[in-house]
Amino acid sequence: MGALRPRGTGVARDADPVVVGGRAEGVLGRSYRALSVGIVSVVLLIAFEAMAVGTAMPVAARELDGVSAYGFVFSAYFTTSLFGMVLSGQWSDLRGPLGPLTTGIAAFAAGLLLSGTAGAMWLFILGRAVQGLGGGLVIVALYVVVGRAYPERLRPSIMAGFAASWIIPSVVGPLAAGAVTEQLGWRWVFVGIPVLVVLPLALALPQIRRRASGPVAGGPASDPDSRAGVLSVTSPSSASPSSASASASSPSTASPSTDGSPSGAHPAASTPSPASASAPTPSSASPSPSFDRRRIRLALGISVGAGLLQYAAQDLRWLSVVPAAVGVALLVPAVLGLLPRGTYRAVRGLPSVVLLRGVAAGSFISAESFVPLMLVTQRGLSPTLAGFSLAAGGGAWALGSWVQARARVEPYRERLMTTGMVVVAAAIVAVPSVLIETVPVWTVAVAWAFGCFGMGLVISSTSVLLLKLSAPEEAGTNSAALQISDGLSNALLLAAGGAAFAALGGGAAGHTVTTASGSGSHPAAFVAVFLPMAAVALLGAWVTTRLRERT
């Protein structure tokens, strides 16, 4: 077959010529080593921050007299990160991922410093909001870097590296943060992390500038008319899963050769150098394109709407109907405008990939959030032991991601994802069995390890498929849609689960009294969370049957 060109781009998909000693280089080969170590280290620090800061937050809230506003510490991060994702997607597509990545890391660090030095709860929450904006910018920009800088055969491996970078933080993070909080104070957990990001940036930024900077030739920066108001999907003839080689993949700027060879497209062939990207051409001589203001407004709408719904779910009074109604009015048109057309109808191809990401992440994270609370209130475990019941999940998740990255499983990727979602649903159903006194507590650790393995199969695969179905100039926008689906589902399903939990006598987690007999929240309240989330996960198993477009 001849070289393939995604719609709207002049990037040819050639064979990857990076070969050393007769073998194609891997992600840690000389050509990719600095970039791989740098961007994986950035994810490692983000993971460590997520695990460590979560441990220190209860102490910070008490010291700042802000326990009543504890929920807003999380919702502030979430709502601003949604806006950051959309902004990063447009920014990356128009001018390359370097700008949003560096800006996002700077904002993330500034937010940590602001929270770490806050003298009042509102300043602490403001810091979390700034941090969320930075996190949203970074995560989408990293996806675009992977799509531009790595040939398609290597993308599943670098995605597996991202997943593996959560293993050590999931085990060490809470312990380290607890020790620092007890010995030095909670503020050091926040102000100490920004210093650690300097080395990864020094490694990654020169490589990103060389391999992935600037707009894609023929993309929105060079052709303003190519930007649509909604997400675009490459046609099946240009980027269908069936055109992929046996290697695991994810395309945006490059794809494998279609002759069955293990090589993918060379980054230099799929991404113009800064000089060539800025060179005047007939299409780039037109007025410089700007950000799509409609999409920016929609991003604000989805952030504010999600925040209002979270607020309403935390305050179950009749007056909460007002912010809930306003939140829905803002959220619905924003979601329809920012996600691919047909997402919530599970249209085959990219819309179903984006939907699956939200269904998988939302059901799993919402269930996981209640596991420690259940073990503490119903089985009398200490918070440390309850948290350790989930510690094996990091390794299991990384193992699942490693499995999906193997070239030999590429022809069976969709079937593998179906299996993953069934395993996730089974794990969620098994966890509340410990509400029966005769069921050993270690059942949770085993069940959740299997659930994390299933998530490793699914989540990394959605990233791979999204890049495979995206033209180079759409990689940022579509990556933003994937992250929006993930984050929005987390918020909405957490809000729904929290409302059901409170309505059935769960009460507020912050006021639960733990006793040796395990008294506390009513067991039925936990069942009302886990069983619906298992049903959502089973819905995800059906969605996996619609990932491949009909040929």
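Residues numbered from 1 in each chain as written. Predicted model: local features only at pLDDT ≥ 70, side-chain atom pairs only at ≥ 80, totals over all residues. Heavy atoms only, no water.

**Some points on the overall build of the protein chain**
Next up, step 1: Per the secondary structure count, the protein chain includes 22 helices and 2 strands.
Next up, step 2: Expressed as a percentage of its 551 residues, the buried residues of the protein chain come to 56%.
Next up, step 3: In the protein chain, of all internal contacts separated by at least 6 residues, the share reaching a separation of at least 24 is 83%. (Helix = DSSP H or I, 4+ residues; strand = E, 2+ residues; numbered from the N terminus. Buried < 20%, exposed > 50% of the residue type's maximum accessible area, 1.4 Å probe, protein only. Contact = heavy atoms within 4.5 Å.)

**Considering the nonpolar core**
Next up, step 1: Counting 109 residues, the largest nonpolar core has Ile-39, Tyr-150, Ile-208, Ile-302, Ile-428 and Phe-530 as its most contacted members.
Next up, step 2: With 12 residues, the single largest contributor to this core is helix H20 (residues 442–468).
Next up, step 3: Phe-530 has contacts with Ala-367, Phe-370, Val-371, Met-374, Ile-428, Val-431 and Pro-432, leaving out every residue within four places of it along the chain.
Next up, step 4: Core analysis: the next-biggest nonpolar cluster, separate from the first, contains 21 residues, Leu-64, Ala-76, Ala-118 and Phe-124 among them. (Core = buried A, V, L, I, M, F, W, Y, C linked by side-chain atoms within 4.5 Å.)

**A word on helix H19 (residues 413–430)**
Next up, step 1: The end-to-end C-alpha distance of H19 is 26 Å, a good match for the 26 Å that 18 residues give at a rise of 1.5 Å each.
Next up, step 2: Turning to H19, its buried residues number three or more, namely Arg-413, Glu-414, Leu-416, Met-417, Gly-420, Met-421, Val-424, Ala-425, Ala-427 and Ile-428.
Next up, step 3: Of the surrounding elements, those touching the buried residues of H19 are helix H5 (155–164), helix H15 (350–368), helix H18 (392–404), H20 and helix H22 (523–543). (Expected span 1.5 Å × (residues − 1).)

**Quick word on a nonpolar patch on the surface**
Next up, step 1: On the surface, Leu-44, Ile-168, Val-171, Val-172, Leu-175 and Phe-388 cluster together to form a nonpolar patch covering roughly 490 Å² of accessible area.
Next up, step 2: Broken down by element, the nonpolar patch gets its largest block of residues, 4 residues, from helix H6 (residues 167–183).
Next up, step 3: Topologically, Val-171 is positioned in helix H6. (Patch = residues over 30% accessible without salt bridge, like charges linked within 9 Å, V, L, I, M, F, W, Y side chains within 5 Å. Areas by Shrake-Rupley, 256 points an atom, 1.4 Å probe, with all protein chains shown as cover. Salt bridge = Lys/Arg side-chain N within 4 Å of Asp/Glu carboxyl O.)

**Structural notes on the packing of aromatic side chains**
Next up, step 1: Considering all chains together, one arrives at 8 aromatic pairs under this definition.
Next up, step 2: Seen from their ring centres, Trp-186 and Phe-190 are 5.7 Å apart, and the 90° between their planes marks the pair as edge-to-face. In terms of burial, Trp-186 and Phe-190 fall into one category: buried.
Next up, step 3: Considering the side-chain rings of Phe-364 and Trp-397, the 5.8 Å spacing of their centres and the 80° angle between planes classify their relative orientation as edge-to-face. Highlighted residues: Phe-364 in helix H15 and Trp-397 in helix H18, separated in sequence by 33 residues.
Next up, step 4: In this structure Phe-364 comes out as buried when scored by relative accessible area, which is 0%. (Phe/Tyr/Trp six-rings, centres within 6.5 Å; stacked < 30°, edge-to-face > 60°.)

**Considering the pattern of salt bridges**
Next up, step 1: Within this structure, the stated rule accounts for 6 salt bridges.
Next up, step 2: Measuring nitrogen to oxygen at the nearest pair gives 2.9 Å for the salt bridge that ties Glu-410 to Lys-468. Here Lys-468 lies in helix H20 and Glu-410 lies in the loop between H18 and H19, a separation of 58 residues in the sequence.
Next up, step 3: A relative accessible area of 6% places Glu-410 in the buried class.
Next up, step 4: The salt bridge involving Glu-414 is made with Arg-548; its shortest N-O contact spans 2.9 Å. Linking Glu-414 in helix H19 with Arg-548 in the segment after H22, this pair joins segments that are 134 residues apart in sequence.
Next up, step 5: Owing to a relative accessible area of 12%, Glu-414 belongs among the buried residues under this scheme.
Next up, step 6: Connected through salt bridges with shared partners, the residues Glu-410, Arg-413 and Lys-468 form a single ionic network.

**Considering the environment of Val-180**
Next up, step 1: Checked against the element boundaries, Val-180 lands in helix H6.
Next up, step 2: Remark: the alpha-carbon pair of Val-180 and Ala-52, spanning 128 residues in sequence, is separated by 9.7 Å.
Next up, step 3: The contact partners of Val-180, leaving out residues within four places of it in the chain, are Gly-185, Trp-188 and Val-189.

**A few points about helix H9 (residues 198–211)**
Next up, step 1: Here H9 is 14 residues long and its end C-alpha atoms lie 20 Å apart, about the 20 Å a rise of 1.5 Å per residue gives.
Next up, step 2: The largest bend in H9 is about 30°, located at Ala-204, with the proline Pro-206 one to four residues further on.
Next up, step 3: Of all the residues in H9, the buried ones are Pro-200, Leu-201, Ala-204, Leu-205, Gln-207, Ile-208 and Arg-211. (Bend = angle between axes of the 7 residues up to and from the residue.)

**Quick word on the packing of helix H14 (residues 321–338) against helix H21 (residues 475–503)**
Next up, step 1: One way to put it is that H14 packs onto H21 with a least axis distance of 11 Å and a crossing angle of 150°. When the axes of H14 and H21 are compared, the pair comes out roughly antiparallel. Between H14 and H21 lies a crossing of left-handed hand. Residues Leu-331, Val-335 and Leu-338 of H14 touch H21, and the partners they reach there are Ala-481, Ile-484, Leu-488 and Leu-492. (Axes fitted to C-alpha atoms, helices over the stretch in contact; angles between N-to-C directions. Parallel < 35°, antiparallel > 145°, perpendicular 65-115°, else oblique. Left-handed = near helix turned anticlockwise from the far one by under 90°.)

**Remarks on the packing of H21 against H22**
Next up, step 1: Where H21 contacts H22, the axes come no closer than 8 Å and their chain directions differ by 150°. Taken together, the axes of H21 and H22 are roughly antiparallel relative to one another. The handedness of the crossing between H21 and H22 is right-handed. Contacts between H21 and H22 involve Leu-493, Gly-497, Ala-500 and Phe-501 on the former and, on the latter, Ala-525, Phe-526, Ala-528, Val-529, Met-533 and Val-536.
Next up, step 2: Split by residue class, the contact of H21 with H22 holds 9 nonpolar, 1 polar and no charged. (Nonpolar A, V, L, I, M, F, W, Y, C, P; charged D, E, K, R; others polar.)

**A look at the confidence of the model for the protein chain**
One rule of thumb: low pLDDT means the predicted coordinates there are not for detailed reading.
Next up, step 1: Across the protein chain, the average pLDDT comes to 75, with 75% of residues at 70 or higher.
Next up, step 2: Ignoring residues within four places in sequence, the model shows residues 220–287, a span with pLDDT below 50, making 201 contacts including any to other chains. (pLDDT = per-residue confidence, 0-100.)

**Digging into the side chain of Ser-461**
Next up, step 1: Summarising the element assignment, Ser-461 is placed in helix H20.
Next up, step 2: A relative accessible area of 0% places Ser-461 in the buried class.
Next up, step 3: Among residues more than four places away in sequence, those in contact with Ser-461 are Gln-404, Arg-413 and Met-417.

**Quick look at the side chain of Arg-128**
Next up, step 1: Its place among the elements puts Arg-128 in helix H4 (residues 121–149).
Next up, step 2: If we ignore the near neighbours within four places in the chain, the residues touching Arg-128 are Glu-49, Val-53, Met-57, Val-73, Phe-74, Tyr-77, Thr-80 and Ser-115.

**Notes on the environment of Gly-119**
Next up, step 1: Summarising the element assignment, Gly-119 is placed in the loop between helix H3 (98–116) and H4.
Next up, step 2: Taking the relative accessible area as the measure of exposure, Gly-119 reaches 64% and is therefore exposed.
Next up, step 3: Taking the C-alpha atoms as reference points, Gly-119 and Leu-64, separated by 55 residues in sequence, lie 6.9 Å from one another.

**Digging into unusual backbone geometry**
Next up, step 1: Phi is positive for Ala-346, which is not a glycine, with a value near 55°.
Next up, step 2: Looking at the element boundaries, Ala-346 is found in the loop between H14 and H15.

**What to know about the environment of Val-195**
Next up, step 1: Relative to the helices and strands, Val-195 resides in helix H8 (residues 193–196).
Next up, step 2: With 86 residues separating them in the primary sequence, Val-195 and Ala-109 have C-alpha atoms 8.5 Å apart.

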